[in-house]
Amino acid sequence: MANVTKSPANPLTTAEIAALALSLAHLGSGPQATAARLGLRHAFEQLHLDDEVVTTTLATLTEPMPDAVADRARTIAAAITSRMVVRLHYRDVSGRVTVREVDPVTCMVHRDHWYLVGMCRLRRGIRAFRFDRIIATEPTFVPARPHLATDFLPFQGKRAA
């Protein structure tokens, strides 16, 4: 099999990395998923980023999600792809549970945690929902309003150095 490299002049964007990582995160631990995660790790190594936050984030990106979280991640990924509202049963940091309808925009990882970023219809604002606090997800047939990731996460529009 031939090695293929992407030109250093056109590195992956953070949005591309997030999309790849989310796709891999809920694949499980089969041989293809393991190889794909290794490929993502190599892509990160090419970026020559060396700090603790990046190292921790890389570990989170390249580890399989627990099965229950992976199931919810698949629903979230499908909602992003199909541009449909997703209903979340969410436990906040205080332990309160709410049901939220969210126009999903993107997913991201920061340190040890995955987040869904979107427009929360309950709070009428941009919110980040930690995956491990999402108790349940439900697909809906409600079209999501269009939102660009660059409007939600300023660094999404920048290319990795």
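Overview of the structure. (Residues numbered from 1 in each chain as written. Predicted model: local features only at pLDDT ≥ 70, side-chain atom pairs only at ≥ 80, totals over all residues. Heavy atoms only, no water.)

1. Points about the overall build of the protein
This is how the line gets drawn: Secondary structure is summarised from DSSP: a helix means a run of H or I of at least four residues, a strand means a run of E of at least two, and numbering begins at the N terminus for each. The classification of residues rests on relative accessible area computed with a 1.4 Å probe and restricted to protein chains. Under 20% of the type maximum is buried, over 50% is exposed, and intermediate values are partly exposed. In this analysis, two residues are considered to be in contact whenever any of their non-hydrogen atoms come within 4.5 Å of each other.
Looking only at helices and strands, the protein features 5 helices and 5 strands. Starting at the N terminus and ending at the C terminus, the protein contains elements arranged as α-α-α-α-β-β-β-β-β-α. Taken over 161 residues, the protein has a buried fraction of 37%. Taking all contacts inside the protein whose residues are at least 6 apart in sequence as the whole, residues at least 24 apart take part in 59%.

2. As for the packing of aromatic side chains
Stated formally: Geometry of aromatic contacts follows a simple scheme: Phe, Tyr and Trp rings, the Trp one being its six-membered ring, pair when their centres are within 6.5 Å, and the pair is stacked under 30 degrees between planes, edge-to-face over 60, tilted otherwise.
Tallying each qualifying case throughout the model produces 2 aromatic pairs. With 5.0 Å between their ring centres and 85° between their planes, Tyr-90 and Phe-129 make a pair best called edge-to-face. Of this pair, Tyr-90 sits in strand β1 (residues 84-91) while Phe-129 sits in strand β4 (residues 125-130), and the two are 39 residues apart along the sequence. Of the two residues examined, Tyr-90 and Phe-129, each falls in the buried class.

3. A word on the pairing of β1
On a regular strand, one side chain projects to one face of the sheet and the next to the other, so that they alternate. Under the convention used in this document: By the convention used here, strands pair only if DSSP detects at least 2 bridges between them.
Summarising the sheet, β1 and strand β5 (residues 134-143) pair through 6 bridges and their orientation is antiparallel. Residue pairing across strands places Leu-88 opposite Thr-137, the latter belonging to β5. In terms of strand pairing, β1 meets strand β2 (residues 97-110) through 6 bridges, oriented antiparallel. Considered in β2, the bridge of His-89 is made with Val-99. From the end of β1 to the start of β2, which pair antiparallel, there are 5 residues, and Gly-95 there has a positive phi angle of about 95°.

4. A word on the side chain of Arg-72
Its location among the elements puts Arg-72 in helix α4 (residues 67-82). With sequence-adjacent residues up to four places away left out, Arg-72 is seen in contact with Phe-131, Ile-134, Ile-135, Ala-136 and Thr-137.

5. Quick word on the nonpolar core
As a reminder of what qualifies: To qualify as a nonpolar core, a set must consist of buried Ala, Val, Leu, Ile, Met, Phe, Trp, Tyr and Cys residues joined through side-chain atoms within 4.5 Å.
Judged by nonpolar contacts, the single largest core of 20 residues is most densely connected at Met-65, Leu-88, Trp-114, Leu-116, Phe-129, Phe-131 and Ile-134. Elements with a minimum of two residues in this core: α4, β1, β2 and β3 (113-120). For this core, the element with the highest residue contribution is α4, accounting for 5 residues.

6. Let's talk about the environment of Leu-40
Locating Leu-40 in the fold gives a position in helix α2 (residues 31-46). Note on Leu-40: relative accessible area 5%, which makes it buried. Through-space distance from the C-alpha of Leu-40 to that of Leu-20 is 7.8 Å; in sequence the pair is 20 residues apart.

7. Looking at the pattern of salt bridges
To be explicit about the condition: A pair is scored as a salt bridge if a Lys or Arg side-chain nitrogen falls within 4 Å of a carboxyl oxygen belonging to Asp or Glu.
Taken as a whole and assessed by the stated rule, the structure comprises 7 salt bridges. Linking Glu-138 and Arg-87 is a salt bridge whose minimum nitrogen-to-oxygen distance equals 3.1 Å. Of this pair, Glu-138 sits in strand β5 while Arg-87 sits in strand β1, placing them 51 residues apart in sequence. Looking at Glu-138, the relative accessible area reads 29%, which means it is partly exposed. For Arg-87, a relative accessible area of 23% gives the class partly exposed. Three or more residues are tied together by salt bridges with common partners; here these are Arg-87, Glu-101 and Glu-138.

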